[in-house]
Amino acid sequence: DMENVVIAYEPVWAIGTGLVCDADSANEVHKFIRTVLAKMYDDEVAQAMRIQYGGSVTPESVDGLMAKSDVDGCLVGGASLFADKFARIVNFQSE
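The rules behind each value
- All chains use their own residue numbering, which begins from 1 and follows the written sequence.
- Thresholds applied to this predicted model are a pLDDT of at least 70 for local features of residues and 80 or more for the giving and counting of side-chain atom pairs; totals over whole chains, interfaces and linings are not thresholded and use all residues.
- Side-chain metrics rest on all non-hydrogen atoms present in the structure, leaving aside hydrogens and water.
- Every helix listed is a DSSP run of H or I at least four residues long, and every strand listed is a run of E at least two residues long, numbered separately from the N terminus.
- All radius of gyration figures rest on C-alpha atoms, and the globule criterion is 2.2 Å times the number of residues raised to 0.38.
- Whether a residue is buried, partly exposed or exposed follows from its accessible area with a 1.4 Å probe, protein chains only, as a fraction of its type maximum: under 20%, in between, or over 50%, in that order.
- Should any heavy atoms of two residues lie within 4.5 Å, those residues are counted as being in contact.
- Note on areas: Shrake-Rupley, 1.4 Å probe, and residue coverage restricted to the protein chains presented here.
- For the purpose of counting charges, residues Lys and Arg are taken to be positive, whereas Asp and Glu are taken to be negative. His and the chain ends are not included.
- The atoms used to mark charge sites are NZ of Lys, CZ of Arg, CG of Asp and CD of Glu.
- What we call a nonpolar core is a set of buried Ala, Val, Leu, Ile, Met, Phe, Trp, Tyr and Cys residues that are connected through their side-chain atoms within 4.5 Å.
- By disulfide we mean two sulfur atoms from cysteines, separated by a distance within 2.5 Å.
- In this analysis, the expected span of each helix is defined as 1.5 Å times one less than the number of residues it contains.
- Read the arc as the range of directions from the helix axis to the C-beta atoms.

(A) Quick peek at the overall build of the chain. Scanning the chain from terminus to terminus reveals four helices and three strands. When the helices and strands of the chain are read in sequence order from the N terminus, they spell out β-α-α-β-α-β-α. Since a compact globule built from 95 residues should have a radius of gyration of about 12 Å, the 13 Å found for the chain is in line with a globular shape. Seen along its three principal axes, the alpha-carbon backbone of the chain occupies a region of about 40 × 25 × 25 Å. Relative to its full complement of 95 residues, the chain shows a buried share of 35%. The long-range share in the chain, meaning contacts at least 24 apart out of those at least 6 apart in sequence, stands at 58%. Accessible surface, the chain: about 5,700 Å² in total, of which carbon and sulfur atoms supply 55%. Each charge sign in the chain was given a centre, from 7 positive and 15 negative side chains, and these centres are 3 Å apart.

(B) Representation of the nonpolar core in the model. In terms of nonpolar packing, the biggest core is built from 18 residues, with Leu37, Tyr53, Val57, Val62, Leu65 and Cys74 touching the most fellow members. Listed by contribution, the elements that provide at least two residues to this core are helix 1 (23-40), strand 2 (50-53) and helix 3 (62-66). When residues of this core are assigned to their parent elements, the largest contribution, four residues, is made by helix 1. Residue contacts for Val62: discarding those within four places in its chain leaves Val57, Cys74, Arg88, Ile89 and Phe92.

(C) Focus on the state of the cysteines. Per the stated rule, a full pass over the model turns up zero disulfides. We note that Cys21 lacks a disulfide partner, and the nearest cysteine sulfur, in Cys74, lies 11 Å from it. Classification of Cys21 as buried rests on a relative accessible area of 9%.

(D) Helix 1, seen in detail. End to end, helix 1 covers 26 Å across 18 residues, agreeing with the expected 26 Å (1.5 Å per residue, within 8%). For helix 1, the complete set of buried residues consists of Ala23, Ala26, Asn27, His30, Ile33, Arg34 and Leu37. One side of helix 1 holds all its buried residues, which, seen down the axis, span an arc of 120°. Across from the buried face of helix 1, at angles greater than 90 degrees, the exposed residues are Phe32 and Lys39.

Structure follows, in structure tokens:
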């Protein structure tokens, strides 16, 4: 049932701060998580697992995050309280 599991990663320093991790660093952590999953299960499970970034995603950061190979989605926090910001995040532009 691992195909139904979603992992969310947020740097501890980003929790409640409004700060966002740069896209390259977030992708590296997501790759590391996939490596751990591959060791625990297998590569097929690791590649199928959805790993989302959850640290203060903004309209300014979503495009870069979502362009990364190991970032499968984003959890939106405070930006979801503003319709225009949330709409921009939902309608991100692939780079």
